[in-house]
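# Structural description and commentary
What follows is each chain in one-letter form.
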Amino acid sequence: MKFTFSKASRKRGVAAVVTVAASAILLTGCVAPTGDDSGDGDANASGSITVIPKSLGNKYFEASDKGAAEAADELGLTFTEAGPTATGSADQVPFIQTAIQTGQGAIAIAANDPAAVCNDLKAAQSAGVKVVAYDTDTDCRDVFINQATVDGIAQGLVDLTSAHLGPDGGTIAILSGGANAANLNAWVDRITAIIEEDHPEITIAKVAYGDDIDEKAYQEAQGLIQSIPDLDAIIAPDTVSVKEAAHYLADTPEYQGKVWVTGLGLPSEMVEYIDSGVIEQFGLWNPEDLGYLASYAAQALINGDITGAEGETFEAGKLGEYTVGPDGEVVLGPMFVFDSSNVGDFSF
Amino acid sequence: MSAVMTDPAAAAKYQRFGRPLWRRLLLRTETAIILAIVLLIIIATATVPYFAQPYTYLTMLLNSAPILLMLIPVTLIIITGEIDLSVGSVLGFSSVIFGLSYAAGVPLLVAAVLAIVGGGLIGLFNGVLVTVVGLPSLAVTIGTLALFRGIAVGLLGTRAVTDFPEEVLGFVISPIFGSPLPMVTVAILVLVVAFAVLLHFTPFGRGVFAIGLSPEAAAFSGVRVNRTKLILFVLSGLVASATGVYYTLQYSNAIGTNGYGFELQVVTAIVLGGVSIWGGRGTLLGALAGGVLIAALNKTLQLAGIGSDTISIVTGAALIFSVVVASVAGSISRRRRGKASAIAAGA
């Protein structure tokens, strides 16, 4: 009897030891490869940048981080991309902490929440880490790389449209997204104002709203084209609306060539309509350039060339010279136009 | 076997076959988890650069504090065989109530009390639906998870309340007198001790285990099953909403999405800590150790520059590994015990 018990407990004892040993191996296996990287990090403590996108696996941020890596490579900065898999308000915090501890020269971050990352970004700044916000501003950073201003986007879309319509002008409609979306409304208001001031030959017949829903935007596009007989063009400053307006044109060949559509779109969604010739051009900004500029701004901050004060200038490689605007904002530039020559180069 | 047990001499004999205390301690899941934490920290200190800094421990605890706080009452709920998946949403709801009341001019402390009372009421709502109406807690708390997340996001919309007093914010994230531990450690320890005493050293706590093993048997033994569950759901609501106030101050940010998905991190830590999801088995120390192991694992991998996708894979693998090992060890032990009882009965 005794024998049975001691054998049982010995076996369980062995099982427990095996469990602990196995966990240890599991953990060691995960940690082991790190020893190699540390050498680089220590050597160029200030010559390093960590880019923290909103989340990993997002094609838009893959593109911007690719640009940031390219610039870091040109500058000789050690580049690290680290980010969460989810977009919770505080999910980026651990990556900021890691950047502080590993003594990065700069952090470039597209914050999911402007306030939640602030404690840690402030800690980074007081530890001497320069902070560049890109894509989305935060409450505590040295500079913000703004991909587009309201003026830049509105002017870009009006220029494309007036170039298409020519000196005779014509009748256009605007197909926006949600009626309450602040950024979209700002663009629509600015487009309306620019047309009123500079393009008396263009008439805006109607502003419709697709509510960011595919079917709704499709129906609104259909409504605009059918109800306004002399409609020449639609400006859709929202990715869902421009895609669905193009979709409706693709479905109704009788309107192709009669109604011209442009707007702000994603190359991955628009490529089929560009390839089939349903639409010719659409705009957005180039996320690769956005990341590229963020890395150059980080380098300028590390070198002390800029501090984030208005009027300072820095060189940004292939993009040329940039000036820091009010509030530490650096504007990437005018709207980037996609057409059949370049739409295939982008995967976001 | 019952004949053997009622004979005092045989019972004494049976007891002598029990393992010595040190060996019983060594064989517990929580011991294995604590050993794993110690091993991990030793390995990380030796191989991961910068890990040895106090800042590592400070941020590790700050990042995991909300989970460590919320898992304390949820552990007791899981031991009764029920579950509370609404804690993440209660955190968000409480954060919004706290932020909105503070922004409306209510003093900070009163706003905190309002938020915590609100969370207690959600706990009461969960508890009443589970005990009085008799609905399964899985369904009820998935319902309140969606319901109160919706209300929280709806109340604040895309706005956020961020202008909390600087001195309070600074206090919340500051370390305790030069130690690498943040202030919230005190709250975690106080709650753990209070709930551990409740669970392991009171008749109420024995009732919690009895309900998890068999609610009918517990009821017939005089355990007030419904009252026990109701109290636990209210406690869970109170702790989750207090965590909401803390979280709001930690990040100086009241928004409706705060605490999104935390409920699964809470359950992961508890199950990793050796608490049976079927109820009746587990300790508070184990659940807390499970939470700390995940926090330490995250911190180590982040500092080692390993991507969050891989970290997620490692955490998942560790959970499955621990559950499989616990289950295999359990079935071996049950088989052995069955044989041993048979032999004892035969004798």
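None of the values given here were measured: they were computed from a predicted structure.

### Digging into the overall build of chain A
Along the backbone of chain A there are eleven helices and 14 strands. Of the contacts made within chain A by residues no fewer than 6 positions apart, 72% connect residues no fewer than 24 positions apart.

### Focus: the packing of helix 6 (residues 87-103) of chain B against helix 14 (residues 262-272) of chain B
All names here are of chain B. Following both chains from N to C, one finds helix 6 and helix 14 inclined at 135°, their axes separated by 6 Å at the closest point. Here helix 14 runs oblique to helix 6, going by the angle between their axes. For the pair helix 6 and helix 14, contact is made by Val87, Gly88 and Leu91 and by Phe262, Glu263 and Val266, respectively. For the contact of helix 6 with helix 14, a count of residues per class yields four nonpolar, one polar and one charged.

### Some remarks on the domain arrangement of chain A
For chain A, the domain assignment lists domain 1 (40-148 + 287-333) and domain 2 (150-284). With centres defined by C-alpha atoms, the gap from domain 1 of chain A to domain 2 of chain A works out at 33 Å.

### Some details on the packing of helix 10 (residues 184-200) of chain B against helix 11 (residues 203-213) of chain B
Residues and elements named next belong to chain B. Direction vectors running N to C along helix 10 and helix 11 enclose 70°, while the axes themselves pass 5 Å from each other. Looking at the two axes, helix 10 sits roughly perpendicular to helix 11. Counted together, Leu198, Leu199 and His200 of helix 10 and Phe204, Gly205 and Val208 of helix 11 form the full contact between these two elements. Of the residues belonging to the contact of helix 10 with helix 11, the class tally is four nonpolar, two polar and no charged.

### Let's talk about helix 11 (residues 287-303) of chain A
An ideal rise of 1.5 Å per residue puts 24 Å on 17 residues; helix 11 of chain A measures up with 24 Å between its terminal C-alpha atoms. Directly after helix 11 of chain A, the chain includes Gly304 of chain A, whose backbone phi takes a positive value near 85°.

### Quick word on the sheet that holds strand 9 (residues 260-263) of chain A
All names here are of chain A. Spatial ordering of the open sheet is given by 7-6-8-9, a layout of four strands whose pairing is parallel. Here the strands that pair on one side only, and so sit at the sheet edges, are strand 7 (202-209) and strand 9. On average, adjacent strands in this sheet sit at an angle of 20° to one another, irrespective of strand direction. In terms of strand pairing, strand 6 (residues 170-176) meets strand 7 through seven bridges, oriented parallel.

### Looking at the environment of Thr50 of chain A
Residue and element names in this part refer to chain A. For Thr50, the position within the fold is in strand 1 (residues 48-52). Along the backbone, Thr50 and Gly328 are 278 residues apart, and their C-alpha atoms lie at a distance of 20 Å. Sequence-distant contacts of Thr50, that is, excluding residues within four places in its chain, are made with Thr80, Ala82, Ala99, Gln104 and Ile107.

### Structural notes on the sheet that holds strand 2 (residues 78-81) of chain A
Residue and element names in this part refer to chain A. Spatial strand order, 2-1-3-4-5-13: six strands in an open sheet with parallel pairing. Edge positions in the sheet fall to strand 2 and strand 13 (329-331), since each has one partner strand and no second. Going across the sheet, the axis of each strand differs from the next one's by a mean of 20°, ignoring polarity. Relative to strand 4 (residues 130-134), strand 3 (residues 106-109) runs parallel, the two being bridged by four bridges. Residue pairing for strand 4: Ala106 is matched across the bridge by Lys130.

### Side note on the confidence of the model for chain A
Averaged over every residue, the pLDDT of chain A is 86; residues scoring 70 or more account for 87%. pLDDT under 50 marks residues 24-44 of chain A. Its contacts with residues more than four places away, or in other chains, come to 29 contacts.

### Thoughts on the nonpolar core
One finds Ala108, Val132, Ile145, Ile234, Leu293 and Ala297 of chain A to be the most contacted residues of the largest nonpolar core, which totals 200 residues. Broken down by element, the residue count for this core peaks at 17 residues, all from helix 5 (residues 54-79) of chain B. A domain-level breakdown of this core finds at least three residues from each of domain 1 (40-148 + 287-333) and domain 2 (150-284) of chain A. Among residues more than four places away in sequence, those in contact with Ala108 of chain A are Ile49, Val51, Ala68, Val132, Tyr134, Ala294, Ser295 and Ala298 of chain A.

### Structural notes on the pairing of strand 3 of chain A
As a general feature of sheets, a regular strand has side chains that alternate between the two faces. All names here are of chain A. Because side chains alternate across strand 3, one face comprises the buried residues Ala106 and Ala108, and the other comprises Ile107 and Ile109, equally buried. Of the pairings in the sheet, the one linking strand 1 to strand 3 comprises four bridges and is parallel in character. Bridge pairing in strand 3 places Thr50 opposite Ile107. With respect to chirality, the unit in which strand 3 leads through helix 5 (residues 118-126) into the neighbouring parallel strand 4 is right-handed.

### Regarding the environment of Val314 of chain B
Within the element layout of this structure, Val314 of chain B appears in helix 16 (residues 308-346). In this structure Val314 of chain B comes out as partly exposed when scored by C-beta crowding, with 19 C-beta atoms within 10 Å.

### Things to note about unusual backbone geometry
Both trends apply: most residues other than glycine have a negative phi, and most peptide bonds are in trans. For Asp212 of chain A, which is not glycine, the phi torsion reads 65° and is therefore positive. C-beta crowding within 10 Å serves as the criterion here: with 16 such atoms nearby, Asp212 of chain A is assigned to the partly exposed category. For Ser252 of chain B, which is not a glycine, the phi torsion comes out positive at approximately 50°. With respect to the helices, strands and loops of the structure, Ser252 of chain B is situated in the loop between helix 13 (225-251) and helix 14. Residue classification places Ser252 of chain B among the buried residues on the basis of 22 C-beta atoms within 10 Å.

Parameters and conventions
Residues numbered from 1 in each chain as written. Chains lettered and ligands numbered in written order. Predicted model: local features only at pLDDT ≥ 70, side-chain atom pairs only at ≥ 80, totals over all residues. Helix = DSSP H or I, 4+ residues; strand = E, 2+ residues; numbered from the N terminus. Contact = placed C-beta atoms within 7 Å. Axes fitted to C-alpha atoms, helices over the stretch in contact; angles between N-to-C directions. Parallel < 35°, antiparallel > 145°, perpendicular 65-115°, else oblique. Nonpolar A, V, L, I, M, F, W, Y, C, P; charged D, E, K, R; others polar. Domains from an automatic or database assignment. Expected span 1.5 Å × (residues − 1). Pairing = 2+ DSSP bridges. pLDDT = per-residue confidence, 0-100. Core = buried A, V, L, I, M, F, W, Y, C linked by C-beta atoms within 7 Å. Buried ≥ 20, exposed ≤ 12 C-beta atoms within 10 Å, placed from the backbone. Right-handed = clockwise from strand over helix to strand, strands pointing away.

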